[in-house]
Amino acid sequence: MWNATEARSMETSDAAAEAEWLTRSVNAVLALAVLIVLVPVLLLIALVVKLTSRGAVLYTQERVGLDRRLPSPDARNHNRTRDLGGRPFT
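Residues numbered from 1 in each chain as written. Predicted model: local features only at pLDDT ≥ 70, side-chain atom pairs only at ≥ 80, totals over all residues. Heavy atoms only, no water.

**Observations concerning the overall build of the protein**
- For the protein, the helix and strand inventory stands at 1 helix and 0 strands.
- Out of the 90 residues belonging to the protein, those deemed buried represent 0%.
- Accessible surface, the protein as shown: approximately 9000 Å² in total, 63% of it carbon and sulfur. (Helix = DSSP H or I, 4+ residues; strand = E, 2+ residues; numbered from the N terminus. Buried < 20%, exposed > 50% of the residue type's maximum accessible area, 1.4 Å probe, protein only. Areas by Shrake-Rupley, 256 points an atom, 1.4 Å probe, with all protein chains shown as cover.)

Set out below in structure tokens:
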């Protein structure tokens, strides 16, 4: 059978869970509201940049590797076994 201390700790954990749920809900609603307000502003800024500049709204560049060579497809592999000189890692 439960004693009074265990009952109080259960009430406390329920209250903490409720407070956490409420905080999370308020954060989600506020984030959505900020997003709804900022999206039109950011689209307007993108439109102004596009109308007043020659280039694209977002900056892009061609990637060039060592000795002006384009990186090979395997250069993006994160499991590299050789260094830039072609020597295997030890």
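**Let's talk about the environment of Ile-45**
- Its place among the elements puts Ile-45 in helix α1 (residues 4-52).
- The class for Ile-45 is partly exposed, based on a relative accessible area of 47%.
- Sequence spacing of Ile-45 and Val-57 is 12 residues, and the spatial spacing of their C-alpha atoms is 9.3 Å.

**Points about the environment of Ala-56**
- With respect to the helices and strands, the residue Ala-56 is situated in the segment after α1.
- Placed 10 residues apart in sequence, Ala-56 and Ala-46 show a C-alpha to C-alpha distance of 9.4 Å.

**So, a nonpolar patch on the surface**
- A cluster of nonpolar residues, Val-34, Val-37, Leu-38, Val-41, Leu-42, Ile-45, Val-49, Val-57 and Leu-58, forms a patch on the protein surface that exposes about 780 Å² of accessible area.
- With respect to the element layout, Val-41 can be found in helix α1.
- Classification of Val-41 by relative accessible area gives partly exposed; the value is 41%. (Patch = residues over 30% accessible without salt bridge, like charges linked within 9 Å, V, L, I, M, F, W, Y side chains within 5 Å. Salt bridge = Lys/Arg side-chain N within 4 Å of Asp/Glu carboxyl O.)

Note that every value here comes from positions in space, so none of it alone points to a role or purpose.
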